[in-house]
Amino acid sequence: MPTSDCDVRDPRMKRTRRLLQGALRKLLQEKALDEILVQDITDAATVNRATLYDHYTDKFGLLEAMIAGDFHKLLEERNVRFDGSCSSALEAIILAVCDYLKQIHSNPAACARQGSFAPLTDAAITVTIRRVLLEGLSKHAKFRVPTEIVASTISSAIFGAAKEWFYSANRLPAEEIVPSLVRLVSPLIQESATSHHAVVAPARHITGRGKRKSATKQ
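Fair warning: this is a prediction, and the values are worked out from it, not measured in the lab.

A. Focus on the pattern of salt bridges. Inspection of the entire model under this criterion finds six salt bridges. A salt bridge links Asp-99 to Arg-78; its shortest N-O distance comes to 2.7 Å. Highlighted residues: Asp-99 in helix H5 (residues 87–104) and Arg-78 in the loop between helix H4 (59–77) and H5, separated in sequence by 21 residues. Across the pair Asp-122 and Lys-163 runs a salt bridge, and its minimum N-O distance is 2.5 Å. Here Asp-122 is found in helix H7 (residues 118–140), whereas its partner Lys-163 is found in helix H8 (residues 147–167), with 41 residues between them in sequence.

What follows is the structure in structure tokens.
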């Protein structure tokens, strides 16, 4: 079976996965994940039990795929593409992570019910960031270490920093913190490259979704 929904090409498989993820998403609004049976999911999706196992290892694999799919959809809606050399794309990815964290925590009651499964959420988002970065880095530059290691390191750094920002007591607006996070992450790419022509993040302020301006010197 494809390791990611992004790898699925068959329209029937895509439809089935959408049904299963939609069913789980709806059930999670009413119950905690550990209270949801595979049979509950397949009944709500109007497919048989064996079908879920044709696509996912278990309900936890389905949850990870659902979260990764939702985050990937957010990136697609914002037309985020990373080619390994564009700092604005790196900013857009980090901003999307910050916004997604706010989005999935917008319902306190649901968050309380699903709190024990936060590591699955974290892993799914990190893997999606890694996939986007790996695609761009593979085309842009040669690295002293395997590109997969670079992408894994940067994706973990991005998510870790964004999560720390989200849970901070006096949280700055995402648009204000993102340029600082870019400056923290960019050297990971730059120092890993065999030639220093990777991402160089200029000091810029994000003024809105997709609108940025250069910082003026005082």
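B. Representation of the packing of aromatic side chains. Under the defined criterion, the tally for this structure stands at three aromatic pairs. Residues Phe-166 and Tyr-167 carry aromatic rings whose centres are separated by 5.1 Å and whose planes lie at 85 degrees to one another, so their mutual orientation is edge-to-face. Owing to a relative accessible area of 12%, Phe-166 belongs among the buried residues under this scheme. Within the aromatic cluster, the residues linked to one another by ring pairs are Trp-165, Phe-166 and Tyr-167.

C. Layout of H8. The end-to-end C-alpha distance of H8 is 30 Å, a good match for the 30 Å that 21 residues give at a rise of 1.5 Å each. When we look at burial in H8, the residues that qualify are Thr-147, Val-150, Ala-151, Ile-154, Ser-155, Ile-158, Phe-159, Ala-162, Trp-165 and Phe-166. Down the axis of H8, the buried side of the element spans an arc of 150 degrees, and every buried residue falls inside it. Exposed positions of H8 whose direction lies more than 90 degrees from the buried face are Glu-164 and Tyr-167.

D. The side chain of Gln-21, seen in detail. Structurally, the position occupied by Gln-21 is in helix H1 (residues 11–28). Here Tyr-56 takes part through its side chain, which lies 3.0 Å from a polar atom of the side chain of Gln-21.

E. Quick peek at the confidence of the model for the protein chain. With 80% of its residues at a pLDDT of 70 or more, the protein chain has an overall mean of 83. Averaged over each element, pLDDT in the protein chain is lowest for strand E2 (residues 211–214) (46) and highest for helix H2 (residues 38–45) (97). Between residues 196–208, whose pLDDT stays under 50, and residues either more than four places distant or in other chains, the model counts 50 contacts. Scored below 50 in pLDDT, residues 210–218 shows 16 contacts in the model against residues more than four places distant or in partner chains.

F. Summary view of H1. Here H1 is 18 residues long and its end C-alpha atoms lie 26 Å apart, about the 26 Å a rise of 1.5 Å per residue gives. The backbone nitrogen of Arg-12 has a side-chain oxygen 2.7 Å away, supplied by the residue at the start of H1, namely Asp-10.

G. Main features of unusual backbone geometry. Here the phi dihedral of Thr-46 falls at roughly 55 degrees; this positive angle occurs in a residue that is not glycine. When you line up the elements, Thr-46 lands in the loop between H2 and helix H3 (49–55).

H. View of the packing of H5 against H8. Following both chains from N to C, one finds H5 and H8 inclined at 45 degrees, their axes separated by 10 Å at the closest point. Between H5 and H8, the interaxial angle falls into the category oblique. Crossing handedness for the pair H5 and H8: right-handed. Between H5, through Leu-90, Ile-94, Val-97, Cys-98, Leu-101 and Lys-102, and H8, the contact on the second element is made entirely by Ile-158, Phe-159, Ala-162, Lys-163, Trp-165 and Phe-166. Per-class residue counts for the contact of H5 with H8 are ten nonpolar, no polar and two charged.

I. Quick look at the environment of Ala-89. Among the structural elements, Ala-89 can be located in helix H5. Distance in space between the C-alpha atoms of Ala-89 and Asn-79 is 9.5 Å, their sequence separation being ten residues.

J. Region of the structure containing the environment of Asp-40. In this structure, Asp-40 sits in helix H2. A residue is classified by how much of its surface remains accessible, and Asp-40, at 22% relative accessible area, is partly exposed. It is 8.3 Å that separates the C-alpha atoms of Asp-40 and Leu-27, two residues lying 13 residues apart in sequence. With residues up to four places along the chain from it excluded, the contact list for Asp-40 reads Leu-27, Lys-31 and Glu-35.

Conventions we followed
Here, residues in each chain are numbered from 1, in the same order as that chain's written sequence. The model is predicted, so local features are restricted to residues of pLDDT at least 70 and side-chain atom pairs to those at 80 or more, both for listing and for counting; the totals for chains, interfaces and linings are taken over all residues. Only heavy atoms go into the side-chain values, all of them from the structure, while hydrogens and water stay out. Salt bridge criterion: a side-chain nitrogen from Lys or Arg within 4 Å of a carboxyl oxygen from Asp or Glu. Counting from the N terminus, the helices are DSSP H or I runs at least four residues long and the strands are E runs at least two residues long. Each Phe, Tyr or Trp ring, with Trp reduced to its six-membered ring, pairs with another whose centre is within 6.5 Å; inter-plane angles below 30 degrees give stacked pairs, above 60 give edge-to-face pairs, and intermediate values give tilted ones. Partly exposed residues are those whose accessible area sits between 20% and 50% of the maximum for their type, while under 20% is buried and over 50% is exposed, using a 1.4 Å probe and protein chains only. Helix span, expected: 1.5 Å multiplied by one less than the number of residues in the helix. The reported arc concerns the directions from the helix axis to the C-beta atoms and nothing else. In protein, a polar contact means a hydrogen-donor-capable atom and an acceptor-capable atom, both N or O and within 3.5 Å, with residues adjacent in sequence counting only if both atoms are side-chain atoms; elsewhere, any N or O pair within 3.5 Å suffices. Every residue carries a pLDDT, the predictor's confidence in it, which falls somewhere between 0 and 100. Between two residues, a contact is recorded if the distance between any of their heavy atoms is within 4.5 Å. For helices, the fitted axis covers only the stretch in contact; all axes are lines through C-alpha atoms, and the angles between them, taken along N-to-C directions, range from 0 to 180 degrees. Any angle between 65 and 115 degrees counts as roughly perpendicular, while under 35 counts as roughly parallel, over 145 as roughly antiparallel, and the rest as oblique. If you view the pair so one helix is near and one far, a crossing is left-handed when the near helix is turned anticlockwise from the far one by less than a right angle, and right-handed when it is turned clockwise. Ten residue types, Ala, Val, Leu, Ile, Met, Phe, Trp, Tyr, Cys and Pro, are classed as nonpolar, four, Asp, Glu, Lys and Arg, as charged, and the remainder, Gly among them, as polar.

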